[in-house]
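# Fold and contact review
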Amino acid sequence: MKCPFCQHDDTQVLDTRISEEGDSIRRRRRCVSCDKRFTTYERIELTMPVIVKKNGSRTDFDPKKLQASLQLALRKRPVSAEAVDAAIHRIEQKLLSSGEREVVSGQIGELVMRELQRLDKIAYIRFASVYKSFEDVAEFQDAIAEVGSERKVPPK
């Protein structure tokens, strides 16, 4: 690690501590050349895959776009902000765990539809109608029938 004061390449670690959250390591260092002390932090760096759009262009993953899509579909529906955040987190985890460097935008759309189906059936239909570009009432009826068939019959 280079000293930020004299740019010397050799520094000595004096103390190492894990943060309270457990997501970083704090190291207290001393430069062997100028004897000044400084602190460094070591954190995990996870890289989200690049999104490949339908037209072939590539863009960085943006969780705010994901959140906006979910919130638009869930507008005026009784779903808590915590449930939306948890859905976003699950989508991000699936993307990270895929290990892919690039993901087609359609895969994200499918993940969003799966999460919306879990959260709220009406929001799922709203999103699916735009995502799948429904052209007539029959497509709506098919989507509603699909969601309706998943409904479990309560025990008597």
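As shown above, the structure is provided for reference.
### With respect to the overall build of the protein
A count of helices and strands for the protein gives five helices and six strands. Going residue by residue from the N terminus, the α and β elements of the protein occur as β-β-β-β-β-α-α-β-α-α-α. Taken against the 2.2 N^0.38 rule, which gives 15 Å for 156 residues, the C-alpha radius of gyration of the protein at 24 Å runs more than 25% over that of a compact globule. In terms of its C-alpha atoms, the protein occupies a principal-axis envelope of roughly 75 × 45 × 25 Å. Across the 156 residues that make up the protein, the buried fraction comes to 28%. For the protein, restricting intrachain contacts to residue pairs at least 6 apart in sequence, the fraction spanning at least 24 positions comes to 42%. When the accessible surface of the protein is summed, it comes to about 11,300 Å², and 50% of that surface belongs to carbon and sulfur atoms. Charged side chains of the protein number 29 positive and 25 negative; the gap between the two group centres comes to 3 Å.

Rules used in this analysis
- Residues numbered from 1 in each chain as written.
- Predicted model: local features only at pLDDT ≥ 70, side-chain atom pairs only at ≥ 80, totals over all residues.
- Heavy atoms only, no water.
- Helix = DSSP H or I, 4+ residues; strand = E, 2+ residues; numbered from the N terminus.
- Rg over C-alpha atoms; globule rule 2.2 N^0.38 Å.
- Buried < 20%, exposed > 50% of the residue type's maximum accessible area, 1.4 Å probe, protein only.
- Contact = heavy atoms within 4.5 Å.
- Areas by Shrake-Rupley, 256 points an atom, 1.4 Å probe, with all protein chains shown as cover.
- Lys, Arg positive; Asp, Glu negative; His and termini not counted.
- Charge placed at Lys NZ, Arg CZ, Asp CG, Glu CD.

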